[in-house]
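Each chain is listed here by its residues.
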Amino acid sequence: MGRYDKWLIIVTLLLVLFGALMIYSTTSVVTPVLAKKGVTEFYYFKRHIFTILIGFCFMLLAYTLKPSFIKKMAIPLLIISSVLLILVFIPDIGVAAGGAKRWIRLWPSTFQPSELVKLSMVIFLAWYMSLPGYKPDNFLTFIKPVFIMIVFQIAILKQPDFGAAISLAFLTFAMLFLSGIRLRYLVSLMVLAIPFVLKLTMEPYRLRRITSFLNPWEDPRGSGFQLVQSFIALGSGGLTGVGIGSSKQKLSYLPESHTDFIFSIIGEEFGFIGVSVIIVLFLILFIKGISAANKARDRFVYYLATGISLMISLQALINFAVATGMVPTKGLPLPFISYGGSSLLVNMAAVGILLNISKGEDERKVPDTDKEILARRRARRTVYGIKR
Amino acid sequence: MNRKRAIIFNTAIICSFFLVFLRLADLMIFNHERLSEKAEQQHIKIEDMQVRRGMIFDRRGREFALNLELESLYCDPENFLYNKEDITKLASIISKEPEVIISKIPGEGRFAWVERKLEPVTAERVRKLDIKGLGFVPEAKRFYPKEELASHIIGAVGIDNQALEGIELKYDKYLKTAGGKVFFGRDAAGRILSSGVDIESKGNNLVLTIDEVLQRIVEKELDKAILKWRAKAATAIMMDPFTGEILALANRPAYNPNRTGVASNPEKRNRAITDCYEPGSTFKTIIGVAALEEKIVNPDTLFDVSEGSIKVGGKVIRDVHKNEIITFMEVIQKSSNVGSIMIGLKLGKDRIYKYSKLLGIGEKTGIDLPGEVSGWIHPPERWSGTSIGAISIGQEVAMTPLQMLRVYSVVANGGFLVRPHIVSEIVSPDGNVIMSFEGKDINRVISEKTAVRFKEILKRVVGEGGTGRSASVNGNEVAGKTGTAQIVNPETRRYSKEKYVSSFVGFIPADNPKLAIIVVIYEPKGQIYGGVVAAPVFREIANQALSYLNVPMEDDFLQKPAILVSR
């Protein structure tokens, strides 16, 4: 009969509101050309606020869902996600922009199914790994979810959305790793994946992106442009930043300044202190998510809470690492902050689920009992013991 | 569930967050200065735009060159969506072919000019089209309100306000805005967000010695002469013979400096200083002055020219009209070639050369306009047998019209070689005179006595029995000399039988000279003689100029206060 973890809601609220502020900051400078098209200084801001309001509804809705219901929904959700992912490729429903088909038409806006796929995958994996017959040291057990992941990967890469594919792979591997899957399976799969990754990176623009992060200054006007601009934004922010709304880099120097690279603009306007606050907020969210997972007695709930925490934290980490040039550049939004409705809605719904779990009252709602869990753990230890 | 793995994994995640921290500290604190500098470099654009070049005024403060604030259209190729309909519309508004516009838009990059310096009305129409990826930047356009008037003096600038010709080029360093730099804050597309205070900086203004009214008179009369004689080209210069101030300087053909792009090279040539011609009889003044100064002759010395021809170095040179025994004065008055050669032979090579050099032949006058040539007279050791005869009548020697005008100014002002100039003052934007050119470089080259005596002779040229009668002006006495010279045909390298240069050079009023004027008509058709072709042009110019300047008439029968009849 615990209360939900109020830190989760406070941190989420802070991130979302700060995000709205940054969306206004990065999109309020309207060029005359855009202005004549009806884009006002509040155009993006209004849409973002609207999304946030819907996001809160989603959060509330998800909060009311019992984990047992979510568990039942694991397979249907996976199917819905795959259908949506296929719809992207159907003309009149799918929306293409910038050479990629990532969205489906959804009045009055668009929806990006790959965001939903991540959450569906987390729920599916949590369900799968909590099945009584789940054997972490069985190759067949390991290969089934990997196969599903690969199917999704192919669809997502077809869009193409390299960033989403990578983050889905990270997420799946992380969860499988946590479930105790034999390391040799994971390692050998990664080795097998290398030729595929290499083949994908042979696409010239991706190869350039990948190599340019090592030294973006080599070609600051070409392949290193975005990263150099990101560095300049962060660097000119210094310790305290240039002040809210005073970013120069957002004036179309830094591409994607209101989506994938919004973190750099935060750095420019609020300085090292500002970005530190953002990182700390994500860190709190991660720790609180993990502690909610640890409260869980049910394996499904444990994996679900861990998966959601990882989904958000890994994406944030990758986004930070991209903006600071620690990993190759790929397009991934910063959860709760970047402009883009799908990511915001899915992440807020995920936090809703996490909030419910954080109440720590799942044990009576699921059939597993403490004894059963303990018995299974003991059994596994013996297996390991024998093996060793 | 695997607790051990969970602990390892979660620790790894938290460590990654700290790695990001360290990286950010490196970028934002330790590299702060370096990256801020980079940011400033790309945010602030230093444009070498001559937004407010100095203005150019005539001696009475009339504007000859000023600046218009216009807008230039650029394209941001990254945001520009290729749309044939848009391009066609745009093309019709800025009166260009669609292909031309397409060729100006590169496939990549963020900035490319489409059309510079559009008229406000055109810019507004383009703006109404509302094409994504197009934008405007304000730019100043140099504007010459007098158009063709004085185009060879004022000159022109290019699209980036870079000096091309004339005063604009010669005085570029003064006309340019201080530092020549304008600061713009800009976004990646080059859109100007704010501009530094330097946009208000102004160049120095120039005040010229020319007078718009006199310039108009000269140009109008040149136009008439070109039309009347179907001449190839023409030049006229009006100068103050005492100070060397150029009051008017014009050439035909001319061009409109507002449209330098369509001007041809002959139109842009400032023939008054960049073209040499063999002067012909007007050169006899140099021979005459030298002879008087050397006391070889006096005005009454007699010359027997009754043969009508003279043989020099095996070549026979004839007079146009046959004369009997005439005085030195009459040699000049009637422009006798034979008499002139006789004087030249008396003087000898060395003295002819010495006086030519003294009077500025073969040397630049030093006028403050670009492109002046020095002309030439060969040193005596290079003269052939016939040279002394040819040079005595003004062939085999090349001069610019300005050089010739300066020679006559020496006679007019009593023996001083002036330095022609066209800028009288350079004035800073706040009104301080930076430089002033009055009374500079004036040296005596001949005695006053010689000058006065020769002036009397030149008066006779325009008087009864002279070759320049048609240059005489009602009410004021003119002193001057006609010239008709042959042109060397570049193909045959011999003197052409059809092509001549007709000229008249003189000053007025003869005894109190206010204006020294030279009129040179290149290749007139029908008539060739300077007395017929160029002298009437001189008269028309002088007549109107004197009444504009309110110079009282000298004649007894017209001594009423100046009545301006022939404005």
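For the structure, check the block above.
What you see as residue numbers is a count from 1 along each chain, following the sequence as written. Ligands are numbered from 1 and chains lettered from A, in the order in which they are written. The predicted origin of the model limits local features to residues at a pLDDT of at least 70 and limits the giving and counting of side-chain atom pairs to 80 or more, whereas totals for whole chains, interfaces and linings rest on all residues. Based on all heavy atoms of the structure, the side-chain values leave hydrogens and waters out of the count.

## Considering the packing of helix α1 (residues 6-27) of chain A against helix α11 (residues 262-295) of chain A
Residue and element names in this part refer to chain A.
Turning to step 1, where the next piece is worked out: With their axes 10 Å apart at the nearest point, α1 and α11 run at an angle of 160 degrees to one another. Compared by their axis directions, α1 and α11 come out roughly antiparallel. The way α1 lies across α11 gives a crossing that is left-handed. Across the interface between the two elements, W7, L8, V11, T12, L14, L15, F18, L21, M22, I23, S25 and T26 of α1 pack against I262, I265, I266, E269, F270, I278, L281, F282, I284, L285, K288 and G289 of α11.
Turning to step 2, where the next piece is worked out: Under the scheme applied here, ten amino acids are nonpolar (Ala, Val, Leu, Ile, Met, Phe, Trp, Tyr, Cys and Pro), four are charged (Asp, Glu, Lys and Arg), and all others, including Gly, are polar. Counted by class, the contact of α1 with α11 contains 18 nonpolar, four polar and two charged residues. Axes here mean lines fitted to C-alpha atoms, for a helix over just the part in contact, with angles spanning 0 to 180 degrees between N-to-C directions. Secondary structure follows DSSP: runs of H or I at least 4 residues long count as helices, runs of E at least 2 residues long count as strands, and numbering of each begins at the N terminus. The labels follow the angle: roughly parallel below 35 degrees, roughly antiparallel above 145, roughly perpendicular from 65 to 115, and oblique for the rest. Crossings are assigned a handedness: left-handed for a near helix turned anticlockwise from the far helix by less than a right angle, right-handed for a clockwise turn. Contacts are residue-level and defined by heavy atoms, with any inter-residue pair within 4.5 Å sufficient.

## What about the environment of B:E425?
Residues and elements named next belong to chain B.
Turning to step 1, where the next piece is worked out: Inspection of the secondary structure assignment puts E425 in strand β16 (residues 423-427).
Turning to step 2, where the next piece is worked out: For E425 and F57, which are 368 residues apart along the polypeptide, the C-alpha to C-alpha distance reads 9.9 Å.
Turning to step 3, where the next piece is worked out: When sequence neighbours within four positions are dropped, the list of residues in contact with E425 reads N205, L206, V207, V433, M435 and S436.

## Details of the side chain of B:K284
All names here are of chain B.
Turning to step 1, where the next piece is worked out: For K284, the location among the structural elements is in helix α12 (residues 284-293).
Turning to step 2, where the next piece is worked out: For the buried K284, which has no salt bridge, the nearest side chain bearing the opposite charge is D319, at an N-O separation of 6.0 Å.
Turning to step 3, where the next piece is worked out: Counting of polar contacts relies on pairs of N or O atoms within 3.5 Å, with two restrictions inside protein: one atom must be capable of donating a hydrogen and the other of accepting it, and residues adjacent in sequence are counted only when both atoms are side-chain atoms. Engagement of the side chain of K284 in a polar contact is seen with the side chain of S335, the distance being 2.9 Å.
Turning to step 4, where the next piece is worked out: Among residues more than four places away in sequence, those in contact with K284 are I332, S335, S336, N337, S340, S392, I393, F454 and K481. Buried residues are those whose accessible area, probed at 1.4 Å on protein chains only, stays under 20% of the maximum for their type, while exposed residues exceed 50% and partly exposed ones sit between those limits. Under the convention used here, Asp and Glu are negative, Lys and Arg are positive, and both His and the chain ends fall outside the count. We define a salt bridge as a contact between a side-chain nitrogen of Lys or Arg and a carboxyl oxygen of Asp or Glu at a distance within 4 Å.

## Some words on the packing of aromatic side chains
Turning to step 1, where the next piece is worked out: Here a Phe, Tyr or Trp ring, Trp counted by its six-membered ring, pairs with any other such ring whose centre lies within 6.5 Å, and the pair is stacked when the planes are under 30 degrees apart, edge-to-face when over 60, and tilted otherwise. Considering all chains together, one arrives at 25 aromatic pairs over all chains under this definition.
Turning to step 2, where the next piece is worked out: A ring pair is formed by A:Y24 and A:F42, whose centres lie 5.4 Å apart and whose planes are at 20 degrees; its orientation type is stacked. Taken together, the positions of A:Y24 in helix α1 and A:F42 in the loop between α2 (32-36) and α3 (43-64) put the pair 18 residues apart, joining distant regions of the chain.
Turning to step 3, where the next piece is worked out: Here A:Y24 falls in the partly exposed class, since its relative accessible area comes to 26%.
Turning to step 4, where the next piece is worked out: By the ring-pair criterion, three or more aromatic residues cluster together here, those being A:F263, A:F282, A:F320, A:F336 and B:F17.
Turning to step 5, where the next piece is worked out: Above the plane of the ring of A:Y4 lies A:R3, whose end atom (NZ or CZ) is 5.2 Å from the centre.
Turning to step 6, where the next piece is worked out: Consider the ring centre and the ring normal. A charge sits over the ring if Lys NZ or Arg CZ is within 6 Å of that centre and within 35 degrees of that normal. The ring of B:F64 is capped by B:K146, whose NZ or CZ atom sits 5.8 Å from the centre of that ring.

## Some thoughts on the pairing of strand β9 (residues 233-239) of chain B
All names here are of chain B.
Turning to step 1, where the next piece is worked out: Across the seven residues of β9, seven count as buried, placing the element largely inside the fold.
Turning to step 2, where the next piece is worked out: A two-sided burial pattern is seen for β9, the buried positions comprising A233, T235, I237 and M239 on one face and A234, A236 and M238 on the other.
Turning to step 3, where the next piece is worked out: Here a strand pair is declared whenever DSSP counts at least two bridges between the two strands. Both β9 and strand β21 (residues 515-522) contribute to a ladder of seven bridges, which runs antiparallel. Each bridged residue has a counterpart across the sheet, and for A234 the counterpart in β21 is I521.
Turning to step 4, where the next piece is worked out: Counted between consecutive antiparallel strands, the loop separating β9 from strand β10 (residues 246-252) contains six residues, among which G244 sits at a positive phi close to 80 degrees.

## Looking at the pairing of strand β4 (residues 112-118) of chain B
Residues and elements named next belong to chain B.
Turning to step 1, where the next piece is worked out: Of all the seven residues making up β4, six are buried; the element is thus mostly covered by neighbouring parts of the structure.
Turning to step 2, where the next piece is worked out: In the sheet, strand β3 (residues 63-75) pairs with β4 via four bridges, with the strands oriented antiparallel. When the bridges of β4 are listed, Y74 appears paired with W113.

Purely spatial values, then, with no claim about function.
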